[in-house]
Amino acid sequence: MSNIQEKIDHYTAELKNWKPTSAQEVEDFRLRFLVAKGILKNLFEEFKGVSNEEKRVLGKVLNGFKQAVEARFNEMKVKFGETQLSTKQNVSQDLTLPGPGFTIGGRHPLSLVRKEIVEIFKKLGFIVAEGPEIEDDWHNFTALNFPEEHPARDMQDTFFIRKQQGNDIALRTHTSSVQVRMMENGKPPFRAIMPGRVYRNEAISARAHCFFHQIEGLYIDEGVSFADLKQTLFHFVQELYGEGTKVRFRPSYFPFTEPSAEMDISCTICKGAGCNMCKYTGWVEILGCGMVDPNVLENSGIDSKKYTGFAFGMGIERIANLKYEIKDLRLFSENDIRFLRQFETEII
Ligand code: PHE
């Protein structure tokens, strides 16, 4: 008979007498019998060299032996594995210890700033309104007094989804579209702010992105004047940037407001002395605003003889840049955990 048979007999006897008393012995067994250069593998190697006749008989014996080894090993592994676990639990686990902590994320800086702005306006009685990001031509442009083919449409590089004479569908370029929806669906007075994501077809760089976030505001009632606009925005700036922050209004143009203005605040970083952020002017522009054009009121079904109102719009990124001195817009959308972690302390 072959050498293999003798070895199998020898190991089978050993297997019968094998009564391990520790997990270590089970592991030693595995290392002897079951690894790549272990006893079983070697026997199978040797088996390749025997004659075909012998193979017929030995094959069965060898496979039987293999199964016996594995079965015994598994049995012992379970036995000692379990014992080990239960000893551990009994001896070394102190159930009175506090549980392991888990990490919670922080708010995104843009969410923090949006929340802060919303809170300020809420105290003035403004509600929050939202609308769709995919908008039709009417709500994004026409109702807002952008005549067709008017160059003002080029002010905002639009992502069109469907181009169809007079019935285009696009990603909204501003949340002014929500103002129209609100006026169409309700009755004055209106006092609301509209936060949301807007899209413009711009090359992505440190200073521009193909999407950003806005908060627009609308206040419509009888007898609302430019003085109300100024006082509301002045109050907002004092709340957000602190007492003493100066504001100034510069005449501007928007199709949906008349008169229109851009509002600057004294640079929050250099306090007006001149720095990179304010391009050494001491002032930074933070929003556009104006008295709602009577055409817009009429387009939305509001009697422009009875009601007047103001509107304003600002980019949340711009406000956050000033607050946190973030120099590159792309950081807001890259989800780099090293950037986001810096805001984790401001969870509440
Ligand atoms: N919709 C304008 C923009 O996106 C901002 C704005 C809103 C200006 C309301 C005036 C009044 O640039």
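What counts, and where the lines are drawn
Residues numbered from 1 in each chain as written. Predicted model: local features only at pLDDT ≥ 70, side-chain atom pairs only at ≥ 80, totals over all residues. Heavy atoms only, no water. Pairing = 2+ DSSP bridges. Helix = DSSP H or I, 4+ residues; strand = E, 2+ residues; numbered from the N terminus. Axes fitted to C-alpha atoms, helices over the stretch in contact; angles between N-to-C directions. Near = heavy atom within 4 Å. Polar contact = N/O pair within 3.5 Å; in protein donor to acceptor, adjacent residues only side chain to side chain. Areas by Shrake-Rupley, 256 points an atom, 1.4 Å probe, with all protein chains shown as cover. Contact = heavy atoms within 4.5 Å. Domains from an automatic or database assignment. Core = buried A, V, L, I, M, F, W, Y, C linked by side-chain atoms within 4.5 Å. Buried < 20%, exposed > 50% of the residue type's maximum accessible area, 1.4 Å probe, protein only. Salt bridge = Lys/Arg side-chain N within 4 Å of Asp/Glu carboxyl O.

Let us look at the sheet that holds strand β4 (residues 169-171). The strand order across the open sheet built from three strands is β2-β4-β3, with neighbouring strands paired in antiparallel fashion. Each edge of the open sheet is held by one strand with a lone partner, namely β2 (134-136) and β3 (160-162). For this sheet the average axis-to-axis angle between neighbouring strands, irrespective of direction, equals 35°. Bridge analysis of β3 against β4 gives two bridges, and the strand direction is antiparallel. Each bridged residue has a counterpart across the sheet, and for F160 the counterpart in β4 is A170.

The ligand sits among 14 residues. The nearest are H174, S176, R200, Q214 and E216. At 3.1 Å, a side-chain N or O of H174 approaches a nitrogen atom of the ligand. In the environment of the ligand, an oxygen atom lies 2.8 Å from a nitrogen or oxygen atom belonging to the side chain of R200. Relative to its unbound accessible surface of 330 Å², the ligand loses 92% to contact with the protein. In terms of residue count, the dominant contributor to the shell around the ligand is strand β10 (residues 308-315) (three residues).

All right, on to the sheet that holds β10 then. What links the strands of a sheet is backbone hydrogen bonding, and the strands pair in either a parallel or an antiparallel sense. The seven strands are arranged β1-β5-β6-β10-β9-β8-β7 in an open sheet whose pairing can be described as mixed. The open sheet has two edge strands, β1 (127-128) and β7 (247-254), and neither has a second partner. With seven bridges connecting them, β7 and strand β8 (residues 257-266) associate as antiparallel partners. Looking at the pairing, R250 lines up with E262 of β8. Packing of helix α8 (residues 226-241) onto the sheet brings it into contact with β7, β8, β9 (283-292) and β10, and relative to β9 it is tilted by some 150°. Where helix α10 (residues 316-324) meets the sheet, its contacts fall on β6 (211-221), β8, β9 and β10, and the angle it forms with β10 comes to roughly 60°.

Turning our eyes to something else, we now look at the domain arrangement of the chain. In terms of domains, the chain is made up of domain 1 (2-89) and domain 2 (109-343). For domain 1 versus domain 2, the separation of C-alpha centres amounts to 76 Å.

To continue, consider the nonpolar core. Core analysis: the largest hydrophobic core is formed by 43 residues, its most contacted members being I117, F236, I286, L287, F312 and M314. The set of elements that each furnish at least two residues to this core consists of α5 (109-123), β6, α8, β8, β9, β10, α10 and α11 (337-340). The leading source of residues in this core is α5, at seven residues. Every residue in contact with F236, bar those within four places of it in the chain, is listed here: I117, I120, F121, I286, L287 and M314. Core analysis: the next-biggest nonpolar cluster, separate from the first, contains 22 residues, V178, V180, M182 and A192 among them.

Take the pattern of salt bridges next. As enumerated under the stated definition, the model contains 15 salt bridges in all. A salt bridge links R72 to E75; the nearest nitrogen and oxygen atoms lie 3.9 Å apart. Highlighted residues: R72 and E75, both in helix α4 (residues 52-92), separated by three residues, approximately one helical turn. Across the pair D328 and R330 runs a salt bridge, and its minimum N-O distance is 2.9 Å. Through salt bridges with shared partners, a single network forms among R248, R250, E262, D264 and E285.

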